[in-house]
Amino acid sequence: RGKSIQSSLVALRAARDGGQSRTEQWEAPTEADIFQEVDEDEYRKIVEERRQREDFVVDDDGLGYYDDGEEHLGGEAEDAAKNRAEAMVRGR
């Protein structure tokens, strides 16, 4: 840690002497990918593996939640779930 502070102070002094700001010296760290890109066959394998595992939903309060192992990013699945929930509320 001591070397880190020392090297930071040296860089700060060099920036001041050279007329450069510390923000101009700063470089954003490289981050790892958060998504895994797969082809259709690999995706089918992933979904099948998910379907083989036990359901991870412990209790959905009787709403009928079902996980089919696929990725649903809004659209029809979201609309259908919303419609089912609204129908259950009206039915009570």
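Parameters at a glance
- Residues numbered from 1 in each chain as written.
- Predicted model: local features only at pLDDT ≥ 70, side-chain atom pairs only at ≥ 80, totals over all residues.
- Heavy atoms only, no water.
- Helix = DSSP H or I, 4+ residues; strand = E, 2+ residues; numbered from the N terminus.
- Buried < 20%, exposed > 50% of the residue type's maximum accessible area, 1.4 Å probe, protein only.
- Areas by Shrake-Rupley, 256 points an atom, 1.4 Å probe, with all protein chains shown as cover.
- Patch = residues over 30% accessible without salt bridge, like charges linked within 9 Å, V, L, I, M, F, W, Y side chains within 5 Å.
- Salt bridge = Lys/Arg side-chain N within 4 Å of Asp/Glu carboxyl O.
- Lys, Arg positive; Asp, Glu negative; His and termini not counted.
- Charge placed at Lys NZ, Arg CZ, Asp CG, Glu CD.
- pLDDT = per-residue confidence, 0-100.

Chemist: Just to check I follow, could you spell out the overall build of the protein for this structure?
Modeler: Of regular secondary structure, the protein possesses four helices and zero strands. Looking at the protein as a whole, 4% of its 92 residues qualify as buried. Carbon together with sulfur atoms contributes 49% to the accessible area of the protein, which is approximately 9,000 Å² in total.

Chemist: Can you help me understand a negative patch on the surface in this one?
Modeler: On the surface, D39, E40, E42, E48 and E49 cluster together into a negatively charged patch. Assignment of secondary structure puts D39 in the loop between helix 2 (22-25) and helix 3 (40-52).

Chemist: Would you mind showing me how to read the confidence of the model for the protein here?
Modeler: As a note on interpretation, predicted positions should not be read in detail where pLDDT is low. With 76% of its residues at a pLDDT of at least 70, the protein reaches an overall mean of 77. The secondary-structure element of the protein with the lowest mean pLDDT is helix 4 (residues 76-91), recorded at 72, while helix 3 shows the highest, at 87.

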